[in-house]
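Understanding the architecture of this molecule
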Amino acid sequence: MTNRHRTVLATLAAMMTLAVATPALAHPGHGGHEFADGWAHPFSGLDHLLAMIAVGLLAVRMGGKAIWIMPCTFIAAMLAGGGLAALGVPMPGAEWWIAASVLALGVMVAATGVIPLKYGAALVALFAVFHGHAHVHELLGSSAAASIAPYAIGFVLATAILHASGIAIGLGLRRWGQPMAMRVAGGMITAAGLLILCGIIQV
């Protein structure tokens, strides 16, 4: 293994270690329903954070049109899920599905074969509905007179930035010729998802 390989793998390991070591602040409640609250929400939960970065990594892993289709699909489905929450439609087990999304997306990033776009996009859309529902459900639960629009704009922009971050990391790894590093990142996200599902990491 060359020094460059060690540097890339060490950087990935440090990034994931910091993420997993983040205090269990996921879904800590909202101070209000403004743009800033929506912006902060995706960053405040490890499950949301890792899933959205994983979507960006997966988009690069799949390549081609997936670079823009995967994040756009996630955001559109997330808004649909938020709309269901605003209408009062319950989604039992949403938190479980969100945790499962971290695990599944990590596996897809780490997979040796390329996931067909139609299947990848469908699975990402399914998970995104639960993420969106959780965003808005928690808002409505914390404010009787919540204004969803500015809050939604905030969490959509934050989500887009997390997707872009995952894409940037993935493109950087691909440019440096580090396919194994991409798989290592997927494996670490998978491990984090498993720990969340098992309740070892509380969110």
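**Thoughts on the overall build of the chain**
- What the chain contains, in helices and strands, is eight helices and zero strands.
- Listing the helices and strands of the chain from first to last along the sequence gives α-α-α-α-α-α-α-α.
- A burial count over the chain gives 46% of its 203 residues as buried.
- The long-range fraction of contacts in the chain, counting pairs at least 24 apart against all pairs at least 6 apart in sequence, stands at 81%.
- Looking at the chain as shown, the accessible area adds up to about 9,200 Å², and 72% of this sits on carbon and sulfur atoms.

**Quick look at the side chain of Thr190**
- With respect to the helices, strands and loops of the structure, Thr190 is situated in helix α8 (residues 179-197).
- Look at Thr190 and you get buried, because its relative accessible area is 17%.

**Re the confidence of the model for the chain**
- For the chain, mean pLDDT is 83; residues scoring 70 or higher make up 81% of the total.
- Note that residues 6-26 has pLDDT below 50 and, in this model, 29 contacts with residues that lie over four places away or in other chains.

**A short note on a nonpolar patch on the surface**
- The grouping of Phe35, Trp39, Phe43, Ile153, Leu157 and Ile161 at the surface amounts to a nonpolar patch, some 510 Å² of accessible area in total.
- Taken together, the elements giving at least two residues each to the nonpolar patch come down to α2 (35-44) and α7 (148-175).
- With respect to the element layout, Ile161 can be found in helix α7.

**Some remarks on the packing of α2 against α7**
- Contact geometry for α2 and α7: axes closest at 6 Å, N-to-C directions at 35°. In the packing of α2 onto α7, the handedness of the crossing is right-handed. Taking contact as the criterion, the partners of Phe35, Asp37, Gly38, Trp39, His41, Pro42 and Phe43 in α2 are, on α7, Pro150, Tyr151, Ile153, Gly154, Phe155, Leu157, Ala158, Thr159, Ile161 and Leu162.

**Overview of the nonpolar core**
- Of all hydrophobic cores here, the largest spans 47 residues; its most connected members are Leu58, Met70, Phe74, Met78, Leu105, Val124 and Phe155.
- Among the elements that take part in this core, helix α3 (residues 46-62) stands out by supplying twelve residues, more than any other.
- Not counting residues within four places of it along the chain, the set of residues in contact with Met70 comprises Val55, Leu58, Ala59, Met62, Leu117, Gly120, Ala121 and Val124.

**Section: the packing of α2 against α3**
- Contact geometry of α2 with α3 gives a least axis separation of 5 Å together with a crossing angle of 85°. One element, α2, and the other, α3, form an angle in the roughly perpendicular class. On α3, the residues touching His41, Pro42, Phe43 and Ser44 of α2 are Leu46, His48, Leu49 and Met52.
- Here the contact of α2 with α3 is composed, by residue class, of five nonpolar, three polar and no charged.

Reading the values: the criteria
Residues numbered from 1 in each chain as written. Predicted model: local features only at pLDDT ≥ 70, side-chain atom pairs only at ≥ 80, totals over all residues. Heavy atoms only, no water. Helix = DSSP H or I, 4+ residues; strand = E, 2+ residues; numbered from the N terminus. Buried < 20%, exposed > 50% of the residue type's maximum accessible area, 1.4 Å probe, protein only. Contact = heavy atoms within 4.5 Å. Areas by Shrake-Rupley, 256 points an atom, 1.4 Å probe, with all protein chains shown as cover. pLDDT = per-residue confidence, 0-100. Patch = residues over 30% accessible without salt bridge, like charges linked within 9 Å, V, L, I, M, F, W, Y side chains within 5 Å. Salt bridge = Lys/Arg side-chain N within 4 Å of Asp/Glu carboxyl O. Axes fitted to C-alpha atoms, helices over the stretch in contact; angles between N-to-C directions. Left-handed = near helix turned anticlockwise from the far one by under 90°. Core = buried A, V, L, I, M, F, W, Y, C linked by side-chain atoms within 4.5 Å. Parallel < 35°, antiparallel > 145°, perpendicular 65-115°, else oblique. Nonpolar A, V, L, I, M, F, W, Y, C, P; charged D, E, K, R; others polar.

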